[in-house]
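If you want the building blocks of each chain, they are given just below.
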Amino acid sequence: MQVHETMEAIPDGFVHSGTAPQDKVLTLRLALVQSDTEGLQNALMDVSTPSSALYGQHLTKEEVEKFVAPSPDSVAAVNAWFAENGIEAKSISPAGDWLSFSVPVSKANELLDADFSIFTHQETGQTSIRTLTYSIPADLKAHIDLVHPTITFPNPFARLPAMISPPKIQPAAVNITPDAVPASCSSTITPACLQALYGIPATLATTTSNKLAVSGFIQQFANQADLKSFLRALRPDLSSSTTFTLQTLDGGQNPQSAADAGVEANLDIQYTIGVASGVPTTFISVGNNFQDGALEGFLDIINFLLGESAPPQVLTTSYGQNENTISRALANNLCNAYAQLGARGVSILFASGDGGVGGSSDGARCTTFLPTFPSGCPFMTSVGATTGVPETSASFSSGGFSNFFAQPSYQTSAVSTFLTTLGNTNSGKFNRSGRAFPDISAQGDNVEIIVGGQTGLVGGTSCSSPIFASIVSLLNDQLAAAGKPSLGFLNPFLYSTGKSAFSDITTGSNPGCNTNGFPAVAGWDPVTGLGTPNFAKLKTAVGL
């Protein structure tokens, strides 16, 4: 047997609290080595880079699956190992690269030379069964990518935005600016504020094939009655019966009592339907019987969308966790799953996190900066937050440099300019050669929503991601109407021809880990990325 993955120490905040009951059944998943991830990544860059001859020529489901399907040898070798041990496994991904099997703890320990134990998160009392190391037969090293959940711990600090109720209506601090932004926008952000700030059109989308998807996790439900009230109050020009379609997986549901309305889910739905006027929007509710343990359905929702013949052109997610809580192999595998969707023309957007340079933690315990996942993945778009009018950095906006993923070539020039400006500040607290994030930003503070019939304000990068997703969807609608492909994976465009379509944010910073964090400066920075969107300039940049 050969050690396959190890977690150096018990992650911050967890304690070992005894051996796991030997008869407790674990549902484990095994990722087979994909046949050509390098080929997939090259194909993704070819179809996503504006200067490439293949720009916009997205791949089909079958073309993507060819890159990720494991070799017949790998399938045979792993199945033989399972058969030898009396285990039945089933395939759970469209390309056959993920298998699922259930075994009692005693068998898992024996099979993987592991020590599955109970770990308790001290602050929340949440318990999980995990092992700090596991092994596989040496002759399967070339065939098995990882087994999960083993060394990846759950994310107890999956913070949801808190709602401050009711809105604090402050005396107008700013009169009408040259862009005719209403004075009230300096204290309360509404769809009308976003239309004025970013030039977002209020006219209805015209194509039905262009779709926007919002993911929902951890029992967050989107309420139809609240959406209706929101549209009546803040988008009276839209029909108040405009609604979303529902997709569910892992036992997901979407109950409609006022008590079940979720702050996060309502925010995400109200600021997609209320901003992306007329774009068909889907709420994907991922339930709690996860197939992927710690990562709260992240992998399941991607495999679910990869299985669709026509996935939505944009997916926005307002959840994430610290990169150091995840196994490197799992982070890589998920990142490649985003590359698969990107190659098929899907824009994947995530909120960067709300702990400044402290990631998604409370930011006081860390001594080095904590990058968030999946923002460190180079094949998705990370969205940071701004606040106020005129806009400045939101101090909670997470940003920084991945410790897992190297800096992709599309951002080297922008990032090296920032590092030169930064000099020796925070030296040694971050990985200068890592993938840098966020990529762009949008308003994320004092955003007005309705939950359970009550109006209130919320803040967090989880406001910014759906807002930017709506802008991408409206651009996709106009591209589709002109017979052009969707934007797909955005970053190579954002850092090249799209760069000039963003308003640079040069004030503020994102403190954490007992430091001032990073400063927002001229050009790209790890607080607000390239800045905030200008719709008219983006239209020109995408060739409309």
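Residues numbered from 1 in each chain as written. Predicted model: local features only at pLDDT ≥ 70, side-chain atom pairs only at ≥ 80, totals over all residues. Heavy atoms only, no water.

Participant: So, the state of the cysteines: which residues are in play, and what are the values?
Facilitator: The full count for this structure, using the stated rule, is three disulfides. With its sulfur 2.0 Å from that of its partner, C185 forms a disulfide with C193. Taking the sign of the S-S torsion, about -90° here, the bridge from C185 to C193 comes out left-handed. For C185, a relative accessible area of 2% puts it in the buried group. Shown here is the disulfide that connects C366 with C513, its sulfur atoms set 2.1 Å apart. With the S-S bond torsion at -100°, the cross-link from C366 to C513 turns out left-handed. (Disulfide = S-S within 2.5 Å. Buried < 20%, exposed > 50% of the residue type's maximum accessible area, 1.4 Å probe, protein only.)

Participant: Tell me about the sheet that holds strand β3 (residues 25-32), and name the residues and values.
Facilitator: Spatial strand order, β4-β5-β3-β9: four strands in an open sheet with antiparallel pairing. With one partner strand each, in any of the chains shown, β4 (90-91) and β9 (144-148) form the two edges of the open sheet. Of the pairings in the sheet, the one linking β3 to β9 comprises four bridges and is antiparallel in character. Counterpart to R29 in the pairing with β9 is H148. Along the sheet face, helix α9 (residues 328-343) touches β3, β5 (98-104) and β9 and points at about 105° away from the line of β9. (Pairing = 2+ DSSP bridges. Helix = DSSP H or I, 4+ residues; strand = E, 2+ residues; numbered from the N terminus. Contact = heavy atoms within 4.5 Å. Axes fitted to C-alpha atoms, helices over the stretch in contact; angles between N-to-C directions.)

Participant: Explain the side chain of D477 to me, and be specific about the residues and the numbers.
Facilitator: With respect to the element layout, D477 can be found in helix α11 (residues 461-481). One buried charged residue, D477, remains without a salt bridge, the closest side chain of opposite sign being K539 at 9.6 Å. If near-sequence neighbours (up to four positions away) are discounted, D477 is found in contact with A205, T206, T207 and N210. (Lys, Arg positive; Asp, Glu negative; His and termini not counted. Salt bridge = Lys/Arg side-chain N within 4 Å of Asp/Glu carboxyl O.)

Participant: Could you give an account of the pattern of salt bridges, with specific residues and numbers?
Facilitator: Across all of its chains, the model carries four salt bridges by this definition. R235 is the salt-bridge partner of D237, the closest N and O atoms lying 2.8 Å from each other. Look at D237 and you get exposed, because its relative accessible area is 51%. Residue R435 pairs with D439 through a salt bridge whose shortest N-O separation is 2.8 Å. For the residue pair R435 and D439, the accessibility class agrees, reading buried in each case.

Participant: Go over the packing of aromatic side chains with me, naming the residues and quoting the values.
Facilitator: Using the criterion set out here, one finds 19 aromatic pairs in the structure. Arranged with centres 6.1 Å apart and planes meeting at 70°, the rings of F244 and F283 form a pair that is edge-to-face. You can see F244 sitting in the loop between α6 (224-234) and β12 (245-249) and its partner F283 sitting in strand β13 (residues 281-286), a full 39 residues away along the chain. F283 matches F244 in its accessibility class, with the two residues each being buried. Between F468 and F502, the aromatic rings sit 6.1 Å apart at their centres with planes inclined by 45°, giving tilted as the arrangement. Residue F468 is located in helix α11, and its partner F502 is located in strand β25 (residues 502-503); the two are separated by 34 residues in the primary sequence. Take F468 and F502: they sit in the same class, and that class is buried. (Phe/Tyr/Trp six-rings, centres within 6.5 Å; stacked < 30°, edge-to-face > 60°.)

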